[in-house]
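Secondary and tertiary structure notes
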Amino acid sequence: VEFFNIMAAMGLRIGEKVESAAQLRYGMLGIMTDADHDGAGHITGLLINNLHRFWPELFTLGIVHRFVTPAVKVWVAGNKKPISFYEEVDFKEWVAKNSHTKHKFKYYKGLATSVAEEFTEYLKNIDDHLIRIDIEEEEDSEVIDLVFGKTAGAADRRKEWLQLTD
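A brief structural summary. (Residues numbered from 1 in each chain as written. Predicted model: local features only at pLDDT ≥ 70, side-chain atom pairs only at ≥ 80, totals over all residues. Heavy atoms only, no water.)

Now for the overall build of the chain. Of the regular secondary structure elements, the chain holds seven helices and six strands. When the 166 residues of the chain are sorted by exposure, 31% land in the buried category. Residue pairs at least 24 apart in sequence account for 58% of intrachain contacts in the chain once pairs closer than 6 positions are excluded. As presented, the chain carries roughly 11200 Å² of accessible surface, and 54% of it is formed by carbon and sulfur atoms. (Helix = DSSP H or I, 4+ residues; strand = E, 2+ residues; numbered from the N terminus. Buried < 20%, exposed > 50% of the residue type's maximum accessible area, 1.4 Å probe, protein only. Contact = heavy atoms within 4.5 Å. Areas by Shrake-Rupley, 256 points an atom, 1.4 Å probe, with all protein chains shown as cover.)

What follows is the structure, given as C-alpha cells:
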C-alpha cells in the first residue's frame, strides 16, 4: 500500500518511463526510515528494489535519496551541540576512544524518538541528511538482483553470498 501511495504522490505510472524530473510532481524522493537495520537496511532496500524494477532511470536522474537521521547522539559535558552518529559502530568506536570523556547519549530507536525541534534542525541542514542513491553500473543492478531477484537460481546465489558476508 505504501509503495502505491509513493507512486501516486510522485506521479509515477508503471510502464511509463520518466525522462526528466519535470514530469513528476516532486523532483526528489527522500526515503526516510528508522535508523536501525530494519528501517535503514530492509525497508530502504525494498523501496530501492521496487523503484529500480519499474523506473531504473530515477537513479540516473538523481531523484532517489535517503534522508538519514542519527542512530545515536552524544552530549559531551560543556558542549551544547551534540555529536551525531549515523551508525552504531561509529558511536562504539567513539566511546572506546573517549572513555574518560564525561558525556550522555541517547539511542534513536525510531523516527518517533526525535522531537519536533530535531526534525526542524534536520530540515534546516537538509544537505547534511540527504544521500543520493546512484545505480549507474551494471554491477549495482546485479547486486539488487542478487538480494531481491526471483530468477532461476537466485535463492541459491543469495545463500552463497550471505555465507560469504558472515
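Additional details are given in the paragraphs that follow.
Right, let's get into the pattern of salt bridges. Pairs may arise between side chains of opposite charge once their charged atoms sit close together. Counting across every chain of the model gives three salt bridges. Between arginine 132 and aspartate 134 there is a salt bridge, with its nearest N and O atoms 2.5 Å apart. The exposure class of aspartate 134 is partly exposed, given its relative accessible area of 37%. (Salt bridge = Lys/Arg side-chain N within 4 Å of Asp/Glu carboxyl O.)

It is worth spelling out the sheet that holds strand S1 (residues 29-31) at this point. Taken in spatial order, the three strands make up an open sheet running S1-S2-S6, and their pairing is mixed. Where the open sheet ends on each side, the last strands, each with one partner, are S1 and strand S6 (130-132). Neighbour-to-neighbour, the strand axes of this sheet turn through a mean angle of 35°, independent of strand direction. The pairing of S1 with strand S2 (residues 64-67) spans three bridges and is classified as parallel. Paired with leucine 29 across the strands is valine 64, a residue of S2. (Pairing = 2+ DSSP bridges. Axes fitted to C-alpha atoms, helices over the stretch in contact; angles between N-to-C directions.)

Burial analysis of strand S3 (residues 72-76) places four of its five residues in the buried class, the great majority of the element. Bridge count for S3 against strand S4 (residues 83-85) is three bridges, and the pairing is antiparallel. Counted as the bridge partner of valine 72 is phenylalanine 85 from S4. A loop of six residues connects S3 with S4, the two strands running antiparallel in sequence, and glycine 78 in this loop sits at a positive phi of about 95°. Note: S3 against strand S5 (residues 103-107), five bridges, orientation antiparallel. Among the inter-strand pairings, lysine 73 is bridged to a residue of S5, identified as lysine 106.

What follows concerns the sheet that holds S5. A sheet is described by the order of its strands in space; here three strands give the open sequence S4-S3-S5, paired in antiparallel fashion. A single partner strand is all that each edge strand has here, and the edge strands are S4 and S5. Going across the sheet, the axis of each strand differs from the next one's by a mean of 20°, ignoring polarity.

A separate point is the packing of aromatic side chains. According to the stated counting rule, one finds 10 aromatic pairs in the structure shown. With a centroid separation of 5.1 Å and 50° between ring planes, the pair formed by phenylalanine 91 and phenylalanine 105 is classed as tilted. Placement of phenylalanine 91 in helix H4 (residues 88-97) and of phenylalanine 105 in strand S5 is noted, with a sequence separation of 14 residues between them. Between phenylalanine 105 and tyrosine 107 the ring centres are 5.7 Å apart and the planes differ by 85°, which places this aromatic pair in the edge-to-face class. Using a relative accessible area of 39% as the deciding quantity, one classes tyrosine 107 as partly exposed. (Phe/Tyr/Trp six-rings, centres within 6.5 Å; stacked < 30°, edge-to-face > 60°.)

This paragraph deals with the nonpolar core. Core analysis: the biggest nonpolar cluster contains 18 residues, and Leu12, Leu24, Leu51, Trp55, Leu58, Phe59 and Val64 have the highest contact counts within it. Elements with a minimum of two residues in this core: helix H1 (2-10), S1, helix H2 (37-54) and helix H3 (57-60). If near-sequence neighbours (up to four positions away) are discounted, leucine 24 is found in contact with Met10, Gly11, Leu12, Val18, Leu58 and Ile63. Core analysis: the second largest hydrophobic core is formed by seven residues, Val72, Val74, Phe85 and Trp94 among them. (Core = buried A, V, L, I, M, F, W, Y, C linked by side-chain atoms within 4.5 Å.)

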